[in-house]
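Per-entry structural report
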Amino acid sequence: MARKCTYKKCRSELPVLSKSDTWQSKGFCNVECMADHGLAKAREQAERKRKADEAGIKNRNKSFKKKVELGDIKKQKDLTQSEFNKWIKLEELYRCAITGAQPVCISCSKPWTPFINYDFAAGHYHSRGSRQDLALNSNNVYLQCNGYCNSGLSANKTGEGKTHGYLVGLQMRFGVKEAGLILEKLIPVRNFTYTGTDYERCRKWLAGRNRQLRKDLELFTDINQSL
């Protein structure tokens with residue numbers, strides 16, 4: 001099979017090899033092809049180096065940006081709280097879906113109908129302002145109507161107007177003894193500090209769980225538009 005010039009833009013058939021023609025011994029049909037090939041290789045190497053440098057800068061910028069974001073504890077906290085609140089609502093919807101129960105406010109039993117009534121939240125028994133250590137504690141958070149009980153009555157613990165209140169709502173849900181045990185778990189104050197990385201790890205778990213809950217809930221209803 002005839003040999004062809006190594007230079008990609010040429011690829012001419014090489015003449016019979018002559019010991020005196022060094023470019024032929026290197027696989028080129030003439031000295032110009034050998035020179036052009038060398039320049040092309042140099043340009044390719046320069047382009048690879050440029051792309052590698054750009055990738056390195058991009059990765060360093062990305063790493064620095066993430067470091068700055070993780071250093072913004074308030075932002076990390078707010079992002080994680082938002083994911084946590086979605087989780088509380090999705091878990092409640094899933095519990096009701098598999099038991100055939102109606103999702104209701106823990107403090108007044110107002111029914112929640114996804115797609116129709118959006119005024120429901122993850123209501124904290126002990127507010128985040130008073131007990132930061134319980135902000136992400138599922139024993140302290142249940143489904144609650146937002147405008148009236150959660151925001152308007154600051155969780156409506158004891159019952160206002162014709163409502164039964166958060167405490168009785170827990171007893172109705174779990175029984176008096178179990179409700180008492182749940183509240184006992186909330187008494188100790190745990191002083192600890194989350195880092196940005198702690199919030200990020202927690203948020204990743206919550207996001208993964210929420211994806212699974214949404215997928216499971218698709219067996220009952222299209223929940224993706226309700227949260």
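Above this note sits the structure.
Below is a summary of the structure that appears in this document. Keep in mind that what you see is a predicted model, and the values were worked out from it rather than measured.

1. A short note on the overall build of the protein chain
Of the regular secondary structure elements, the protein chain holds 7 helices and 2 strands. Walking the protein chain from its N terminus toward its C terminus, one meets helices and strands in the order α-α-α-β-β-α-α-α-α. Put simply, the protein chain has 227 residues, and 33% of those count as buried. When contacts within the protein chain are restricted to residue pairs at least 6 apart in sequence, those whose partners lie at least 24 apart make up 60%. Approximately 14,400 Å² of the protein chain is accessible, and the part contributed by carbon and sulfur atoms is 54%.

2. A look at the packing of aromatic side chains
A full pass over the atoms with the stated rule returns 8 aromatic pairs. The interplanar angle of 55° and the centroid separation of 5.5 Å between the aromatic rings of Phe 84 and Trp 87 together place this pair among those described as tilted. Here the residue Phe 84 and the residue Trp 87 both occupy positions in helix α3 (residues 73-99), the gap between them amounting to 3 residues, near one helical turn. Considered together, Phe 84 and Trp 87 belong to a single accessibility category, that of buried residues. Taken together through their ring pairs, the aromatic side chains of Tyr 125, Tyr 142, Tyr 166 and Phe 174 make up a single cluster. A cation over a ring is seen here: Lys 157 above Tyr 125, with NZ or CZ 4.7 Å from the ring centre.

What counts and how
- Residues numbered from 1 in each chain as written.
- Predicted model: local features only at pLDDT ≥ 70, side-chain atom pairs only at ≥ 80, totals over all residues.
- Heavy atoms only, no water.
- Helix = DSSP H or I, 4+ residues; strand = E, 2+ residues; numbered from the N terminus.
- Buried < 20%, exposed > 50% of the residue type's maximum accessible area, 1.4 Å probe, protein only.
- Contact = heavy atoms within 4.5 Å.
- Areas by Shrake-Rupley, 256 points an atom, 1.4 Å probe, with all protein chains shown as cover.
- Phe/Tyr/Trp six-rings, centres within 6.5 Å; stacked < 30°, edge-to-face > 60°.
- Lys NZ or Arg CZ within 6 Å of the ring centre and 35° of its normal.

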